[in-house]
Amino acid sequence: PLLLPVLVGLLMAPLGAQPISPRLVATNFWYQLEGEKAEALRPMLSAAGFGLVRVGGNGYNKTWPGDARVGGWVDYIRSCGAEPLIQISALQSAEQAAATVRYFNGSGSGRAPVRHWAIGNEPDLDKWPTERVHDYVLRLAAAMKSVDPGVLIFVPDLAGPHFAHLDRLVGGDLDVTGARLGDVFLVDGISWHRYAFWRDYTREEALARIEPAFHAPMRRIRALMAAADAKHGRTGGQALKWGLGEFNIHVVVKPASNPARYQSVEGIGVHSFFNGQFFAELYGVCMAEEAHFAASW
């Protein structure tokens, strides 16, 4: 009899839960997704329930498709129930970056403003020094925020969690997380890419890969972000966010070593049921570490 009131009290007590970003489950948009191919894929994209679709990658960084063409993609992404994230090319001028934000978010754009943005793509893969990344991030972010202070800008979209860059850019000697335009921070989030393998692998290796390749770097980056938040007084909505701009179990769809093993649903490649399990494990880690988005490639 004495236990019953305790049990009732526990059942009636409000249960606290960690919030999960509505933009968490995300993917990337490809140049080729236009015309009949786009229309054929629309029902599946809509049913998939993506919260965010990134318009980014090395191709977009090297050759900007043009604001009008990207505008059509933004409309398509929204018609599928997702919100876009647009990557500004690191090779653009500040004036070009500002013009692109103005095209999408200006008063005469005719569409809802695009809130999520990124700058550059995998500068570490191109062997750009951290100083160069620091300079273009601040130059372009300032131009973008001067047009719309409400946009969220993610940087530096590294090819991996490479701390030779991150230790310096996030609270270090080339810190970008404290830079402001008036009372608005220029950078809102830290993003990077991560593929589990660049080579052949076994199922056993893939099962053991989440912790060293994804979770351990996430914890370290979050520690850098927390220190930068404390250093610059970033609290509440101004606290740094993070996201995976690209991820998958492998960097290619058809490894030459054993195509059937990697292309079949029964195998272990990007099309496999096993990769679906890998995604589920990774999203579990991303939820635990409060990711803002994780975009498959």
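Because the structure is predicted, anything quoted here is derived from the model rather than measured.

A few points about the side chain of N275
Residue position: N275 is located in helix α11 (residues 273-288). In terms of polar contacts, N275 uses its side chain to reach the side chain of N248, at 2.9 Å. In this structure the side chain of N275 is engaged in a polar contact, spanning 3.2 Å, whose partner is the backbone oxygen of V270. Filtering out sequence-adjacent residues up to four positions away, N275 remains in contact with N248, I249, G269 and V270.

Section: the pairing of strand β9 (residues 241-250)
In terms of residue burial, β9 counts as a mostly covered element, since 10 of its 10 residues are buried. The pairing of strand β8 (residues 189-197) with β9 spans 8 bridges and is classified as parallel. What sits directly across from W192, in β9, is L244.

A closer look at the packing of aromatic side chains
All told, the structure shown has 13 aromatic pairs when counted by the stated rule. An angle of 80 degrees between the planes, with centres 5.7 Å apart, marks the rings of W128 and Y136 as edge-to-face. Accessibility assignment for this pair places W128 and Y136 in one class, buried. One aromatic cluster is present, built from ring pairs that chain together F29, Y60, W73 and Y76. Between R132 and the ring centre of W128, over which it is positioned, the NZ or CZ distance is 3.5 Å. Over the face of the ring belonging to F185 we find R234, whose NZ or CZ atom lies 4.0 Å from the ring centre.

Rules used in this analysis
Residues numbered from 1 in each chain as written. Predicted model: local features only at pLDDT ≥ 70, side-chain atom pairs only at ≥ 80, totals over all residues. Heavy atoms only, no water. Helix = DSSP H or I, 4+ residues; strand = E, 2+ residues; numbered from the N terminus. Polar contact = N/O pair within 3.5 Å; in protein donor to acceptor, adjacent residues only side chain to side chain. Contact = heavy atoms within 4.5 Å. Buried < 20%, exposed > 50% of the residue type's maximum accessible area, 1.4 Å probe, protein only. Pairing = 2+ DSSP bridges. Phe/Tyr/Trp six-rings, centres within 6.5 Å; stacked < 30°, edge-to-face > 60°. Lys NZ or Arg CZ within 6 Å of the ring centre and 35° of its normal.

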